[in-house]
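# Report on the structure
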Amino acid sequence: MTSPVSGNQNDPERDQMIDTYYREHSRELWALFYSMCSDAERAYDAVQEAFLRYYDYHGEPVRDLRAWLLRVGQNWLRDVARKKSNSCGLLPGMDDFAGHRESAEDILRLSERQGQIRKAMQELNEDDRKVLVMKYSMDWSAAQMATVMDCSAAAIDMRLSRARRRLAEVLTEQGFEYE
Amino acid sequence: MNDSSNKRSAGKIPSEEQMDGLLKDFFKLETPSGLNRPFRRPVIGRQQDTAASLVTLSTSEPTAAPRSHKMVVASAIAVLAMSLIVAMKVQTPSSSGSSTAANTQPTEPTEKLMLVSPKGEAPSTQVVGEDGVTFEETDTIEVKSQK
């Protein structure tokens, strides 16, 4: 997508364009960032950061906004990875504990399972992660994924099947208990 | 190589369907809910929005009421002050007569005294009263209580 305007923050046309683009593409960007870092919150932050930087952007008109946002998000993820500290964070799913009917034990178990799968995902290569994220997070078809990954739909199907199998192997090695 | 193949054979590798379900559940929980919400604008943008909303609010009736209330109070105070000034001005002519009278009353004796001796440097040998007593003679008069 080409961005015809840039830099003017008071331009309602530009604001609307950003809103529309965010609505349509934020999920895809999140999936791509997630496949890079395997951290849902960080990937979400990368999406926000990319859009905020574009919102504040005052340079030349952006030819390909998707590529621009992807590059900004990737750079941000790299910076964060470099500065990564050992700070203590909440377990995923524990921050909204109050709204759950399940017991704390169930939530903890669920959180552990999520952590195990996340860790196993990190063992896969980036392309395998990407197809899994596109398929299961965005519910994309093989044809859609093929466009993004610049290959055939048949190749995507093969890659998807292989990625699932690899993940299953890694999880089994980790002693993951299937329900 | 043998170790890894042994490990794999040790555990039961799940089927494609199992993995499919597992991954669906995993990503359902993993995807942040914030992605379904609209783009969070930076503070500057929000200020503009707030300013715009304030403008729209100021034009609406509920917020206009306090402003008109203030205007009513201010105009009422102004009218009160004006009427007070007018009342004071109305009262002034009538009361000024009495006040001048009151002011002149203490000066009256001095004016009468001046009549006794209209010219300060003139000799006080002129007749003051009807009985022909001069001003000089009044000094010698001794006032005694009547028995």
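These notes cover the structure that comes with them.

Conventions and cut-offs
Residues numbered from 1 in each chain as written. Chains lettered and ligands numbered in written order. Predicted model: local features only at pLDDT ≥ 70, side-chain atom pairs only at ≥ 80, totals over all residues. Helix = DSSP H or I, 4+ residues; strand = E, 2+ residues; numbered from the N terminus. Buried ≥ 20, exposed ≤ 12 C-beta atoms within 10 Å, placed from the backbone. Contact = placed C-beta atoms within 7 Å. Expected span 1.5 Å × (residues − 1). Arc of directions from axis to C-beta. Nonpolar A, V, L, I, M, F, W, Y, C, P; charged D, E, K, R; others polar. Core = buried A, V, L, I, M, F, W, Y, C linked by C-beta atoms within 7 Å. Domains from an automatic or database assignment.

### Thoughts on the overall build of chain B
- Within chain B one finds five helices and zero strands.
- N-terminal to C-terminal, the α/β element order of chain B is α-α-α-α-α.
- Looking at the 147 residues of chain B, the share that counts as buried comes to 6%.

### Side note on the overall build of chain A
- The secondary structure content of chain A amounts to seven helices and zero strands.
- Secondary structure elements of chain A occur, N-terminal to C-terminal, as α-α-α-α-α-α-α.
- Across chain A, the fraction of contacts at a sequence separation of at least 24, relative to all contacts at a separation of at least 6, is 62%.

### A closer look at helix α4 (residues 104–123) of chain A
Residue and element names in this part refer to chain A.
- The terminal C-alpha atoms of α4, which comprises 20 residues, lie 29 Å apart, in line with the 28 Å expected from a rise of 1.5 Å per residue.
- Those residues of α4 not exposed but buried are Ile117, Ala120 and Met121. Along the axis of α4, the buried positions cluster into a sector of 110°, meaning they face one direction only. Among the exposed residues of α4, those oriented more than 90 degrees off its buried face are Ala104, Glu105, Glu112 and Gln122.

### Considerations on the interface of chain A and chain B
- With 29 residues of chain A in contact, the opposing surface of chain B contributes 25 residues.
- Elements supplying a minimum of two residues to the side of chain A that touches chain B: α1 (12–37), α2 (40–55), α4, α5 (126–136) and α7 (153–174) of chain A.
- Residue composition of the side of chain A that touches chain B, grouped by class: 14 nonpolar, eight polar and seven charged.

### So, the nonpolar core
- Among the nonpolar cores identified, the biggest contains 43 residues, and Trp30(A), Phe33(A), Tyr34(A), Ala43(A), Val47(A) and Leu167(A) are the most heavily contacted of them.
- Mapped by element, the contributors of at least two residues to this core are α1, α2, α3 (65–83), α4, α5 and α7 of chain A together with α2 (16–30) of chain B.
- Take this core: its biggest share by element is 10 residues, from α1(A).
- Summarising the domain contributions, this core has at least three residues from each of domain 1 (12–83) and domain 2 (104–174) of chain A.
- Ignoring anything within four residues of it in the chain, the contact list for Val47(A) reads Ser26(A), Leu29(A), Trp30(A), Phe33(A) and Gly73(A).

### Examining unusual backbone geometry
Residue and element names in this part refer to chain A.
- Even without being glycine, Ser38 reaches a positive phi, approximately 55°.
- Mapped onto the secondary structure, Ser38 falls in the loop between α1 and α2.
- The exposure class of Ser38 is buried, given the 20 C-beta atoms found within 10 Å.
- Positioned with a positive phi, Asp150 is a non-glycine residue whose angle comes to about 55°.
- Locating Asp150 in the fold gives a position in the loop between α6 (142–149) and α7.
- When the 7 C-beta atoms within 10 Å are taken as the criterion, Asp150 is described as exposed.

### Structural notes on the environment of Val148(A)
- With respect to the helices and strands, the residue Val148(A) is situated in helix α6.
- The partly exposed category is assigned to Val148(A), around which 16 C-beta atoms lie within 10 Å.

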